[in-house]
Amino acid sequence: MGETPLVSVVVSVYNHAPYVEECLRGIAAQKTSFPFEVIVGEDCSPDGTAEVLRRLEPELPGNFTIICREKNLGAAANGEDLYRRARGAYLAHVEGDDFWTFDGRLQAQVDFLEAHPDYVAVYTRCHVVGEDSRPNGERYPQCPHDDYSFREFFYSRMPGQSATMLCRREPYLRGRAELLGLMEPGTYYPGDRRNAFSLLVEGRVRCLQSDWSAYRHVVRSGGSSYSSRVRFDEAYARAEISYGRALVRYAELRGTPEAVDCAKRTCYRFLLKWAADGRCSLRLSDALREVMAERRHRVRYLLAPIQWYLVLGLRRLRGVPIDL
């Protein structure tokens, strides 16, 4: 097995044939004073990604492990298997179409977490690129402050894009599993948003204001990315409401009063939003009854959707990115 790595980098790959080489070479170029491992899970892509990886494998350093699945597991199962194989105290997760742009990125993030034991994760900034790996004019809704907060979470701002994160492996996996376990079976909600909340419950989150990564945003009809497949319908509404309620249960189990307040404001925002939306069968009277059952802060929770739309509307008017 060799020396134990300090960092595990897991790379989920599916239909990334044109991009995965740039992703892996950016990881291989990292200059560190510590050992790190890279575990690549190729999920039986039909576009020839596995052939690209087999060509690259002899050129990659010995700390790379390439796994080409014999049958498609799906994004969740592929990722879970990679997490189980990870041995490092720190964990990074990259999709095979994103890439890192600074060869000292891992070293800087590890140095920060080693010096600050109260922090559970550290993100960096990124730029958004298209198919040609050049900036496409979009901006990611990342945190402009040194520390991420529950306030920023409520207003749908991320600490950074997922490929920019380095976190402590055990708290991350514990929080992730607990929050997922509280959601209704069969429902799904984007992992970057779940992780942003669970990491804040686990500890502090730093946002380095340095652009050291590239997020590839290519939306095609019928593509494999979440943004190309999502449909805002009854199923999505139910999943979002389930996610909101899971946030509340998780915060009540593990979080501070601030975490509980943020979770409830988020949950009731979802509930009231979808109750007023014709694409969901939830009745507004039922949603209002649920909010009014709160003994404290019911007015605060009723106003949550208005505050959310007001703040994001003002940000949009100022040219601040709020989504992609």
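Description of the structure in this document.

Reading the values: the criteria
- Starting from 1, residues in each chain are numbered consecutively following that chain's sequence as written.
- With pLDDT at 70 or above as the cut-off, local features in this predicted model cover only qualifying residues; side-chain atom pairs require 80 or more to be listed or tallied, and sums for whole chains, interfaces and linings still use all residues.
- No hydrogens and no water enter the side-chain calculation; it runs on all heavy atoms of the structure.
- Pairing between strands is defined by DSSP: at least two bridges between them are needed.
- In this description a helix means any DSSP run of H or I spanning at least four residues, a strand means any run of E spanning at least two, and both kinds are numbered starting from the N terminus.
- Disulfide assignment relies on a single distance test, namely cysteine sulfur atoms paired within 2.5 Å.
- To sort residues, take the accessible area from a 1.4 Å probe on protein chains only and compare it with the maximum for the residue type: under 20% means buried, over 50% means exposed, and anything in between is partly exposed.
- For the handedness criterion, the strands are oriented away from the viewer, and a crossover whose path from the first strand over the helix to the second runs clockwise is classed as right-handed.
- Throughout this description, the term nonpolar core refers to a set of buried Ala, Val, Leu, Ile, Met, Phe, Trp, Tyr and Cys residues connected via side-chain atoms within 4.5 Å.
- Centre distance within 6.5 Å is the pairing criterion for rings of Phe, Tyr and Trp, where only the six-membered ring of Trp is used; planes under 30 degrees apart are then read as stacked, over 60 as edge-to-face, and the remainder as tilted.
- Two residues qualify as a contact provided that any one of their heavy atoms is within 4.5 Å of a heavy atom in the partner residue.

Observations regarding the sheet that holds strand β3 (residues 64-68)
Spatially, the eight strands line up as an open sheet ordered β3-β2-β1-β4-β7-β6-β8-β5, and their pairing is mixed. Each edge of the sheet is formed by a strand with only one pairing partner; in this case those strands are β3 and β5 (99-100). The pairing of strand β4 (residues 90-95) with strand β7 (residues 166-168) spans two bridges and is classified as antiparallel. Directly across from L91, in β7, lies its bridge partner C167.

A few points about the state of the cysteines
Tallying each qualifying case throughout the model produces zero disulfides. Between C44, a free cysteine, and C68, which holds the nearest cysteine sulfur, the sulfur-to-sulfur gap is 9.3 Å. The exposure class assigned to C44 is partly exposed, which follows from its relative accessible area of 31%. As a non-bridged cysteine, C267 has C262 as the owner of its nearest cysteine sulfur, 11 Å distant.

Comments concerning the pairing of strand β2 (residues 36-42)
Counting buried positions along β2 gives seven out of seven residues, so the element sits mostly inside the fold. Residues F36, V38, V40 and E42 point to one face of β2 and E37, I39 and G41 to the other, with burial holding for every one of them. Summarising the sheet, strand β1 (residues 7-13) and β2 pair through seven bridges and their orientation is parallel. Directly across from V10, in β2, lies its bridge partner I39. In the classification by handedness, the crossover that spans β1, the intervening helix α1 (residues 20-28) and the parallel β2 is right-handed. Once the chain exits β2 it traverses helix α2 (residues 49-56) before rejoining the sheet at β3, and the crossover so formed is right-handed.

Remarks on the nonpolar core
Counting residues in hydrophobic clusters, the biggest one holds 64 residues, and the most contacted among them are Y148, F153, F197 and L199. With 33 residues, the next largest nonpolar core counts L24, F34, V40 and L106 among its residues.

Observations regarding the packing of aromatic side chains
Taken as a whole and judged by the stated rule, the model has 15 aromatic pairs. Pairing F102 with W212 gives two aromatic rings, centres 4.7 Å apart and planes at 40°, and the pair type is tilted. Taken together, the residues F102 in the loop between β5 and α4 (105-115) and W212 in strand β8 (residues 204-216) connect sequence positions 110 residues apart. Given a relative accessible area of 31%, F102 falls into the partly exposed group. Each residue in the set Y189, Y236, Y243, F270 and W274 is aromatic and connected to the rest through ring pairs, giving one cluster.

Thoughts on the environment of F154
Looking at the secondary structure, you find F154 in helix α5 (residues 150-154). Along the primary structure F154 and A304 are separated by 150 residues, whereas in three dimensions their C-alpha atoms are 9.3 Å apart. Among residues more than four places away in sequence, those in contact with F154 are C262, R265, T266, R269, A304 and W308.

Describing helix α3 (residues 75-85)
Here α3 has its buried residues at N78, G79, D81, L82 and Y83. Buried residues along α3 sit against β1, β2, β3, β4 and α6 (169-181).

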